[in-house]
Amino acid sequence: QVQLVESGGGLVQPGDSLRLSCAASGRTFSRYTMGWFRQVPGKAREFVAAIHWSSGITSYADSVKGRFTISRDIAKTTVYLQMNSLKPEDTAVYYCAAAYQGWGRHPSPEQYDYWGQGTQVTVSS
């Protein structure tokens, strides 16, 4: 059974950095796309970034391009989201997700098969 466990959220000030981690287990992820999404109350879940597990190819939402970096550690089966220059509008619950052979459709949350429980990120002065 696939498990995705996020960690690393918290309260930070504008301009600060934060690194989220997603520990993945229960499957060989070589054919998976791993994604990060975020959601605020009353709004749809929003694509943030994705990485193709085996090739390392990455994709970002325009709103985070140049500030966020997604990466993975194959040995640790962990996906990271390094978030720099955080803004108040980045405040949300951040979710890690896994999609089997999902590259190409990766911005769509409906393509993902497994989700973590989410971690809160709050950016406020």
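Now for a look at the structure at hand. Remember, predicted model here, so these are calculated numbers, not experimental data.

1. Digging into the overall build of the protein chain
Okay, so step 1: What the protein chain contains, in helices and strands, is zero helices and 11 strands.
Okay, so step 2: Sequence-ordered secondary structure for the protein chain, helices as α and strands as β, is β-β-β-β-β-β-β-β-β-β-β.
Okay, so step 3: Computed over C-alpha atoms, the radius of gyration of the protein chain comes to 13 Å, within 12% of the 14 Å expected from 2.2 N^0.38 for 125 residues, which places it in the range of a compact globule.
Okay, so step 4: In terms of its C-alpha atoms, the protein chain occupies a principal-axis envelope of roughly 40 × 30 × 25 Å.
Okay, so step 5: Per-residue burial for the protein chain yields a buried fraction of 42% across its 125 residues.

2. Comments concerning the nonpolar core
Okay, so step 1: If you look at the biggest cluster of nonpolar residues, it comprises 36 residues, and the most contacted ones within it are M34, W36, L81, M83 and Y94.
Okay, so step 2: Here this core gets six residues from one element, more than from any other, and that element is strand 9 (residues 92-100).
Okay, so step 3: If near-sequence neighbours (up to four positions away) are discounted, Y94 is found in contact with E6, L20, W36, F37, R38, V48, F68, L81, M83, G118, T119 and V121.

3. Thoughts on the sheet that holds strand 3 (residues 18-25)
Okay, so step 1: Ordered in space as 1-3-8-7, the four strands form an open sheet in which the pairing is antiparallel. The sheet is open, and its two edges are formed by strand 1 (3-7) and strand 7 (68-73), each paired on a single side. This sheet shows a mean twist of 15° between the axes of neighbouring strands, independent of strand direction.
Okay, so step 2: Pairing between strand 1 and strand 3: five bridges, direction antiparallel. In the strand pairing of strand 3, L4 is matched with A24.

What counts and how
- Residues numbered from 1 in each chain as written.
- Predicted model: local features only at pLDDT ≥ 70, side-chain atom pairs only at ≥ 80, totals over all residues.
- Heavy atoms only, no water.
- Helix = DSSP H or I, 4+ residues; strand = E, 2+ residues; numbered from the N terminus.
- Rg over C-alpha atoms; globule rule 2.2 N^0.38 Å.
- Buried < 20%, exposed > 50% of the residue type's maximum accessible area, 1.4 Å probe, protein only.
- Core = buried A, V, L, I, M, F, W, Y, C linked by side-chain atoms within 4.5 Å.
- Contact = heavy atoms within 4.5 Å.
- Pairing = 2+ DSSP bridges.
- Axes fitted to C-alpha atoms, helices over the stretch in contact; angles between N-to-C directions.

This is a description of form; function is not addressed.
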